[in-house]
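So the chains spell out like this:
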Amino acid sequence: MTVIDLPTTRTRPYQHYVYAYPHKTAYRELPESPRLADLWAGESRQALSLYAHIPFCEVRCGFCNLFTRVGAPDGLTGRYLDALERQAIAVREALGDTEPVRFANAAFGGGTPTFLEAAELERLCDIAERHMGADLRAIPLSVEASPATATADRLSVLAERGTTRLSLGVQSFVEEEARAAVRPQRQSDVEAALSRIRDTGIPVLNIDLIYGIDGQTAASWRLSLDAALAWRPEEIYLYPLYVRPKTGLDRHADLDVPDPAWDEARLSRYREGRDHLLSHGYEQVSMRMFRRADAPPQGPDDYACQTDGMIGLGCGARSYTSRLHYSFDYAVDMRQIRGIIDDYTATEDFSRAVVGHWVDEGERRRRYLLQSLLQAQGLTVADYRRAFKSDPYEDFPVELERLASRGWLAEAGAGQVKLSAEGLAHSDAIGPDFFSPAVRAAMAAYELK
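Just so it is clear, the model here is predicted, and its values are computed rather than measured. (Residues numbered from 1 in each chain as written. Predicted model: local features only at pLDDT ≥ 70, side-chain atom pairs only at ≥ 80, totals over all residues. Heavy atoms only, no water.)

**Considering the overall build of the protein**
The test is simple: Counting from the N terminus, the helices are the DSSP runs of H or I reaching at least four residues and the strands are the DSSP runs of E reaching at least two. For the radius of gyration, the atom set is restricted to C-alpha positions; the globular benchmark scales as 2.2 Å times the number of residues to the power 0.38. By definition in these notes, contact holds between two residues if any of their heavy atoms fall within 4.5 Å. Every accessible area reported is derived by Shrake-Rupley at a probe size of 1.4 Å, with residue values counting cover from the shown protein chains alone. When charges are counted, Lys and Arg are positive and Asp and Glu negative, with His and the chain ends excluded. Each charge is placed at NZ for Lys, CZ for Arg, CG for Asp and CD for Glu.
The secondary structure content of the protein amounts to 16 helices and 17 strands. What you see for the protein is a C-alpha radius of gyration of 21 Å, in line with the 22 Å of a compact globule of 449 residues. Taken along its principal axes, the extent of the C-alpha atoms in the protein is 55 × 55 × 45 Å. If you take every contact in the protein between residues at least 6 apart in sequence, the share linking residues at least 24 apart comes to 78%. When the accessible area of the protein is evaluated, it comes to approximately 18900 Å², of which 50% is carbon and sulfur surface. Each charge sign in the protein was given a centre, from 52 positive and 65 negative side chains, and these centres are 1 Å apart.

So this is what it looks like as structure tokens:
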């Protein structure tokens, strides 16, 4: 990639993917180790989200900075599920019985949940149902998979246990691009996996694609888009390639030096992909997510990510209460990840939070605005006022004025704040602009492991 000087007035479009706020690098060890029972006291349990994290993959992709390890020594997946079960029992006890506990949706992510064998996936579902009380057949259940692990026996378990959405990480249908992203796979294997998924009858298929891969052209990008569209997936996610520290690709770039040529290439591929999907009957939900206009609903889901709580099980999962976001230690380096997984599997007492970030009223407002604004439908001002008894333009005048001055806000009327088409294209620059000074400082001080 050619590196040239970036004008100081220019906004870099690819800074940070904000799928949650505050980011996990703002989390720190909690000296007080608060009891989960105290953290959840007084919290609503009417619409919780359940997430189970499986930190295993058959290969580590070159761009991946997720909390995952390659392979598992004999017995490790079983020991991990033992720990997950102990954690589920402790969490359910902490939630108590003073108010009914209801889960609005569930997801298994990773890593690659389908790294687990079929019997282990059965056990994972049992833990969610028997110990947490989630009715997986009655709520939306999303599961992530890779082509190599989307085997017929695993898919059969997931379909029978109520999976409504299967997300397949394809990234590229061009074998040379897959190799360039350090994700070796044959197109024939990808197509076979997609065929098996369609045979299960799982209602929603999502295909992940990545743009910005070294050597990718407009023509090869169109080839991947059309190959995905041939399967008529209910959802398609378009991800920009990021090169992050301690990943397989980071040795190929100086991460501290801006690369405007690559930025422009990624923006071009994004716009091409967006327009192509829109012309084929897809609706844009966010910068990354596109949903087929005639896709069937996944089922009832009244979970509001801006306000409702989340229960995370597993050593890479996060949990959210209104006052504290908490998890376990975080790392990207493979050796560090292996150590954290070993510590997790040896843990007997899961009754306390050990790593997290306290969230005050100001941070709650930022989180609400961010997780609304970065969706295509935007923020409803009346909802914000009901939640905080204030107005977003009063709370964030500088940030919102900056968006308007750049043309990144749409003309949506006084009751709505939403991004323009170009604003959505720059979501990864807009999100970081709303980080609080405290969160920025904590992220800057974090020592990546």
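**Overview of the nonpolar core**
Inclusion rule: Take the buried residues of types Ala, Val, Leu, Ile, Met, Phe, Trp, Tyr and Cys, join any two whose side-chain atoms come within 4.5 Å, and each joined set is a nonpolar core. Residue exposure (1.4 Å probe, protein chains only): buried if accessible area is under 20% of the type maximum, exposed if over 50%, otherwise partly exposed.
Counting 113 residues, the largest nonpolar core has Leu209 and Ile311 as the members making the most contacts within it. For this core, the element with the highest residue contribution is helix 2 (residues 76-95), accounting for 10 residues. Residues within four places of Ile311 in sequence aside, it is in contact with Trp40, Leu48, Ser49, Leu50, Tyr51, Val91, Leu95, Phe103, Met132, Arg318 and Ser319. Grouped together as the second largest cluster of nonpolar side chains are seven residues, Ala20, Met310, Ala317 and Tyr320 included.

**Description of the pairing of strand 7 (residues 165-171)**
Short version of the rule: Two strands make a pair as long as DSSP finds a minimum of two bridges between them. With the strands pointing away from the viewer, any crossover whose connection runs clockwise from the first strand over the helix to the second is right-handed.
For strand 7, the tally of buried residues reaches seven of seven residues, placing the bulk of the element in the interior. Judged by which residues are buried, strand 7 turns out to be covered on both faces: Arg165, Ser167, Gly169 and Gln171 on one side and Leu166, Leu168 and Val170 on the other are all buried. Inspection of the sheet shows strand 6 (residues 141-145) paired to strand 7 by four bridges, in the parallel sense. Bridging from a neighbouring strand, Ala145 pairs with Leu168 of strand 7. In this fold, the crossover linking strand 6 to strand 7 by way of helix 4 (residues 152-160) has right-handed handedness. Summarising the sheet, strand 7 and strand 8 (residues 204-211) pair through six bridges and their orientation is parallel. Its bridge partner being in strand 8, Ser167 is matched across the sheet by Asn206.

**Details of the layout of surface pockets**
We apply this condition: We place a 1 Å grid over just the protein atoms. Points where a 1.4 Å probe fits but has no way out form a cavity, open points with protein on both sides within 12 Å along at least 5 of 7 lines form a pocket, and any residue with an atom within 4 Å of a point lines it. Grid points are joined across faces, edges and corners, and a volume is the space filled by probe spheres set on the points. Put simply, Ala, Val, Leu, Ile, Met, Phe, Trp, Tyr, Cys and Pro go in the nonpolar bin, Asp, Glu, Lys and Arg in the charged bin, and everything else, Gly too, in the polar bin.
Approximately 320 Å³ is the volume found for the second largest pocket. Around the second largest pocket, the lining is made up of 18 residues, and of these Glu43, Gln306, Thr307, Asp308 and Ser322 lie nearest the centre. Those elements that provide at least two residues to the lining of the second largest pocket are helix 10 (361-373) and helix 11 (381-388). Counting residues per element, the lining of the second largest pocket draws most heavily on helix 10, at three residues. Counted by class, the lining of the second largest pocket contains six nonpolar, seven polar and five charged residues.

**A look at the pairing of strand 15 (residues 355-358)**
With two bridges connecting them, strand 1 (residues 28-29) and strand 15 associate as antiparallel partners. Pairing of Arg28 across the sheet is with Gly356, part of strand 15. Pairing analysis gives four bridges linking strand 14 (residues 324-327) to strand 15, with the strands arranged antiparallel. In the sheet register, Ser327 faces strand 15, and the bridge partner there is Val355.

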